[in-house]
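Tertiary structure, described
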Amino acid sequence: MAPRKRPETQKTPEVAVRPKSKRSRSPRELEPEAKKLCVKGPGSSRRFDSGCLWAGLASLQVPPSCSSIVRALHHHKLGKAAWPSLQQGLQQSFLHSLASYRIFQKAAPFDRRATSLAWHPTHPSTLAVGSKGGDIMLWNFGMKDKPTFIKGIGAGGSITGLKFNPLDTNQFFTSSMEGTTRLQDFKGNTLRVFTSSGTCNFWFCSLDVSARSRMVVTGDNVGHVILLNMDGRELWNLRMHKKKVTHVALNPCCDWFLATASVDQTVKIWDLRQVRGKSSFLHSLPHSHPVNAACFSPDGAQLLTTDQKSELRVYSASQWDYPPSLIPHPHRHFQHLTPIKLPACGAGPLADLGPQH
């Protein structure tokens, strides 16, 4: 008699429960895990912990599947990646790179806020900074020497525009609420006064300089724009806006191309060779709020504008009528966006554009 087969034990099916993929987890979900990565040592500070937390979050984020931006663009060109996925991949790649950004150096030399700054055209570690009190500092953060400091007049002396002299970088141009546009040196000497209102009711709000054409352009608080040569001779003085001209910018590639921004909620584009009056602009770019700045990209192909609410716009210089790219930038009331500058050797199509509060 054959032995009786032992009935097989029915196995309970196993269900593998996989942890939630880190790829789909948000930074908020990753925060507790990131904190475990930061072991507090003796003497650790809040500043260190904060930086470590950010580094931990960054290390837990998985880079996009197509980590190479060039490869992602190539896949899009071949039709292997739709534009939304490409755009998301590029954004993730950029955000992932932000983990390496840290404050390099900082200084607080003024008793009032910084109002303008300019990078040295040939020394990328040197910049000039102006303050609301009229103080000016020349700072080479690559050296431990004490920065050069020029004391201002205090209240009413706000530096509204600051540019190195492209023909002699030991000198610089300024426009100010003191009512002047002038050329100075870093010993505190005034070398030439280009414009002077002679009254506290009128002042100059912005300036730009062209080395190629040897021109200086400045705007005032009632809508006038003044063009002068570097010898100080006035070429014309016209009212181009209904209200204060907050910013003037010459195109770095075509210096006869001028952009002016105003609190009258417009940015206007001008051909300096054809200016005859306030209606002779090439294009008028209406905004929803007063405009604080209009800055060209280093290649002159784009224009970035910042308003007094929460919007940045990027226009293409070849298609002024085309709707601009809109970038929301919420900020607290009265901390309006004004121009800031990165070194001329900075990367990116808008390397010298950005916000400063």
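See the structure shown above.
Strand 18 (residues 302-307) sits mainly inside the fold: five of its six residues count as buried. Across five bridges, strand 17 (residues 291-296) lies against strand 18 in antiparallel orientation. Bridged to cysteine 295 within strand 18 is leucine 304. Taking the residues between adjacent antiparallel strands as the criterion, strand 17 and strand 18 are bridged by five residues, where glycine 300 takes a positive phi near 75°. Bridge analysis of strand 18 against strand 19 (residues 311-316) gives five bridges, and the strand direction is antiparallel. Across the sheet, leucine 303 pairs through a bridge with tyrosine 315, a residue of strand 19.

The next subject is the pairing of strand 19. Between strand 18 and strand 19, which follow one another and run antiparallel, lie three residues. Note: strand 19 against strand 20 (residues 325-328), four bridges, orientation antiparallel. Following the sheet pairing, leucine 312 is matched in strand 20 by isoleucine 327.

Taken as a whole, this structure holds twelve aromatic pairs when the rule is applied. With a centroid separation of 5.8 Å and an interplanar angle of 70°, the aromatic rings of tryptophan 139 and phenylalanine 141 are classed as edge-to-face. Overall, phenylalanine 141 belongs to the buried group, its relative accessible area being 18%. Between phenylalanine 173 and phenylalanine 194, the ring centres sit 5.6 Å apart and the planes meet at 50°, which makes this aromatic pair tilted.

Quick look at the pattern of salt bridges now. Applying the stated rule across the entire model yields six salt bridges. Two residues, arginine 273 and aspartate 271, come together in a salt bridge whose shortest N-O distance is 3.0 Å. What makes arginine 273 exposed here is its relative accessible area of 52%. Across the pair arginine 313 and glutamate 311 runs a salt bridge, and its minimum N-O distance is 2.7 Å.

What counts and what doesn't
Residues numbered from 1 in each chain as written. Predicted model: local features only at pLDDT ≥ 70, side-chain atom pairs only at ≥ 80, totals over all residues. Heavy atoms only, no water. Buried < 20%, exposed > 50% of the residue type's maximum accessible area, 1.4 Å probe, protein only. Helix = DSSP H or I, 4+ residues; strand = E, 2+ residues; numbered from the N terminus. Pairing = 2+ DSSP bridges. Phe/Tyr/Trp six-rings, centres within 6.5 Å; stacked < 30°, edge-to-face > 60°. Salt bridge = Lys/Arg side-chain N within 4 Å of Asp/Glu carboxyl O.

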